[in-house]
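Working through the structure, step by step
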Amino acid sequence: MTATLDLEQKKVLITGGSGMVGSALKLYIPDATFLSSKDCDLRDLEKCRETFEFHKPEYVIHLAAKVGGVKANSDFVGDFYRENILINTNVLESARICNVKKLVSLLSTCVYPAKANYPLTERQLHSGFPHETNFGYAMAKRMLDVQSRAYRKQYGCNFICAIPNNLMGENDQFDLNDSHVIPAIIRKTFEAKKNREQLVLWGNGNSLREFTYSGDIARALLFLLAVYNSEEPINIGNTDSWSIREIATLVSIYMSYNSEVIWDEKKPSGQFQKQSSNAKFLRLGWDTEWYSDFETTLEKVCVWFRENYPNIRGV
Ligand code: NDP
């Protein structure tokens, strides 16, 4: 069992509560307040502050972000920077004004420098320029670390930053222009089977990636609320890696797609490997056994997709 803070009777606010990780948190802390962009546009400081003053949270899990795929991130790099900077600055400032006891923000391993040493360790976060395709999003995310440290130093705020790797789960974004690798494979495989078409996937399928289930991230965030109080950011992802080809094979099985998979090698395969280190998280007391089994989780998400199609985000 993971250590968790007793949040019963406590006021907990989740920004980005309508997203994938937010939905996973609802299963663990259903009585918290879950905000979507419709409840409050966090880019607006006045609205953000008023929302915090209304709910008076003691604990905040900050998940809200403008998130997108490679194309959106590079076509709208300025928007990704500006909107995320506004959201993050406003949320941390409102939390400070409202004397929030503790706030945890979510970064991402994709905000590490493009030229880093592997596995990615927390100390490397600011040691080089991020990948050019997502530098707007990445720099805005890095500033969460800067603002959290600065507020800790000047105001004594207990604001911490957690860094997950690739995530997967129910209620993910399945728009093919915006989706990450697993939702893209799931949707393409399902639709190839449904429309009796051939499944074409990007790249050569050899790249290795690490994935963490959204439910595990929810539990990891509650664990951090209970035990972590340092200004240093902390990697929290499951570091087992899987090739894109292995994932495509598993999804084909779960979707009963029995035809060939065509790998379009004219499309980018991405960097071969992007390992991260969760050694610090394990030293803190997290156990690798607490991460869900990848294959079971992937099958669960595929079943969820089949049962909910087409009423799914981005479809
Ligand atoms: P989602 O894209 O599923 O959800 C994003 C959330 O942010 C939604 O609730 C959305 O509200 C909210 N939001 C966006 N813009 C605004 C705004 N202007 N004002 C208020 N709320 C806003 O995100 P995930 O759950 O996938 O990710 C959670 C966090 O984890 C994010 O910070 C992300 O950067 C990070 N992360 C995600 C990874 C992944 O693979 N998904 C990997 C690593 C890190 P609405 O529903 O109303 O649009």
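Okay, so let's go over this structure. Only a predicted model underlies this, so the values are computations on that prediction, with no experimental measurement involved. (Residues numbered from 1 in each chain as written. Predicted model: local features only at pLDDT ≥ 70, side-chain atom pairs only at ≥ 80, totals over all residues. Heavy atoms only, no water.)

Focus on helix α5 (residues 135-155)
Heads up, the condition is: Numbered from the N terminus, helices here are DSSP runs of H or I no shorter than four residues, and strands are runs of E no shorter than two. Residue count minus one, scaled by 1.5 Å, sets the expected span of a helix. Any residue under 20% of the maximum accessible area for its type is buried, any over 50% is exposed, and the rest in between are partly exposed; the area is computed with a 1.4 Å probe on protein chains only. Note on definitions: a residue-residue contact is assigned when non-hydrogen atoms from the two residues lie within 4.5 Å.
Helix length check: α5 (21 residues) gives 29 Å between terminal C-alpha atoms against 30 Å at 1.5 Å per residue, within 8%. For α5, the set of buried residues is Gly136, Tyr137, Ala138, Ala140, Lys141, Arg142, Leu144, Asp145, Gln147, Ser148, Tyr151 and Arg152. Buried positions along α5 lie against β3 (59-62), α3 (70-75), α4 (77-97), β4 (102-106) and β5 (159-163).

Details of empty space enclosed by the protein
As a reminder of what qualifies: Within this scheme a cavity is a closed region of a 1 Å grid, computed over the protein atoms alone, that accommodates a 1.4 Å probe without allowing it to escape, whereas a pocket is open but has protein on both sides within 12 Å along at least five of seven lines; lining residues each have an atom within 4 Å of a point. Grid points are joined across faces, edges and corners, and a volume is the space filled by probe spheres set on the points. Nonpolar residues are Ala, Val, Leu, Ile, Met, Phe, Trp, Tyr, Cys and Pro. Charged residues are Asp, Glu, Lys and Arg, and all others, Gly as well, are polar.
Going through the model one piece at a time under the given rule, you end up with one cavity of 30 Å³ or more. Space inside the largest cavity adds up to approximately 40 Å³. For the lining of the largest cavity, the elements supplying multiple residues, two or more each, are β8 (208-213) and α10 (294-308). Classifying every residue of the lining of the largest cavity by side-chain character gives four nonpolar, three polar and two charged.

Description of the site of the ligand
As a reminder of what qualifies: We call a residue near a molecule or strand when any one of its heavy atoms sits within 4 Å of it. In protein, a polar contact means a hydrogen-donor-capable atom and an acceptor-capable atom, both N or O and within 3.5 Å, with residues adjacent in sequence counting only if both atoms are side-chain atoms; elsewhere, any N or O pair within 3.5 Å suffices. Shrake-Rupley sampling with a 1.4 Å probe provides the accessible areas, and residues are treated as covered by the protein chains on show and by no other component.
The environment of the ligand is made up of 28 residues, and the closest members are Ser18, Ser37, Tyr137, Lys141 and Arg313. In this structure, Leu63 approaches the ligand through a main-chain N or O atom, which is 2.8 Å from an oxygen atom. A total of 900 Å² of accessible area belongs to the ligand in isolation, and the protein chains cover 88% of it. Within the shell around the ligand, the residues separate by chemical class into 14 nonpolar, nine polar and five charged.

As for the environment of Ala184
Here Ala184 shows up in helix α6 (residues 181-194). Each C-alpha atom, one on Ala184 and one on Ile234, is 28 Å from the other, the two residues being 50 residues apart in sequence. In this structure, Ala184 is in contact with Leu176 and Ser179, ignoring residues within four places of it in sequence.

Regarding the pairing of β5
To be explicit about the condition: In short, DSSP must find at least two bridges between two strands for them to pair. Handedness of a crossover is defined as follows: with both strands directed away from the viewer, a clockwise route from the first strand across the helix to the second makes it right-handed.
For β5, the buried fraction is high: five of the five residues fall into the buried class. Alternating residues of β5 divide into Phe159, Cys161 and Ile163 and Ile160 and Ala162, and every residue in both groups is buried. Strand direction decides the pairing type here: β4 and β5, joined by four bridges, are parallel. Its bridge partner lying in β5, Leu103 is registered against Phe159. In the classification by handedness, the crossover that spans β4, the intervening α5 and the parallel β5 is right-handed. Taken together, the two bridges between β5 and strand β9 (residues 234-235) define a ladder with parallel strand orientation. Bridging across to β9, Ile163 finds its partner in Asn235.

With respect to the sheet that holds β5
Across the sheet, which stays open at both edges, the six strands sit in the order β2-β1-β3-β4-β5-β9 with parallel pairing between neighbours. Strands at the two margins of the open sheet, each flanked by one partner only, are β2 (33-34) and β9.

Brief notes about the nonpolar core
Stated precisely, the cut-off is as follows: The criterion is simple. A nonpolar core is a set of buried Ala, Val, Leu, Ile, Met, Phe, Trp, Tyr and Cys residues joined through side-chain atoms within 4.5 Å.
By size, the foremost hydrophobic cluster in this structure holds 32 residues, and its most contacted members are Ile14, Leu25, Ile29, Ile61, Leu221, Ile236 and Phe281. Taken together, the elements giving at least two residues each to this core come down to β1 (12-15), α1 (20-28), β3, β4, β5 and α7 (214-227). Considering every element that reaches this core, the biggest residue donor is α7, with eight residues. Those residues in contact with Ile29, other than ones at most four positions away along the chain, are Leu7, Val12, Ile14, Phe34, Ile61 and Leu222. Formed by 31 residues, the second largest nonpolar core is a distinct cluster that contains Phe80, Leu103, Ala116 and Leu120.

Here's the deal with the pattern of salt bridges
The line we're drawing: Salt bridges are identified by distance alone: a Lys or Arg side-chain nitrogen within 4 Å of an Asp or Glu carboxyl oxygen.
For the coordinates displayed, the defined rule picks out 15 salt bridges. For the salt bridge of Asp145 with Arg149, the shortest nitrogen-to-oxygen distance reads 3.0 Å. Of the two residues, Asp145 and Arg149 both sit in helix α5, four residues apart, roughly one turn of that helix. Residue Asp145 is classed as buried on the basis of its relative accessible area, which comes to 1%. Using a relative accessible area of 24% as the deciding quantity, one classes Arg149 as partly exposed. Taking the shortest distance from any N to any O, the salt bridge between Arg219 and Asp216 comes out at 2.7 Å. Linking Arg219 with Asp216, this pair stays in helix α7, spanning three residues, or about one helical turn. Of the two residues, Arg219 and Asp216, both sit in the buried class. Through salt bridges with shared partners, one network takes in Arg123, Asp145, Arg149, Glu231 and Glu232.

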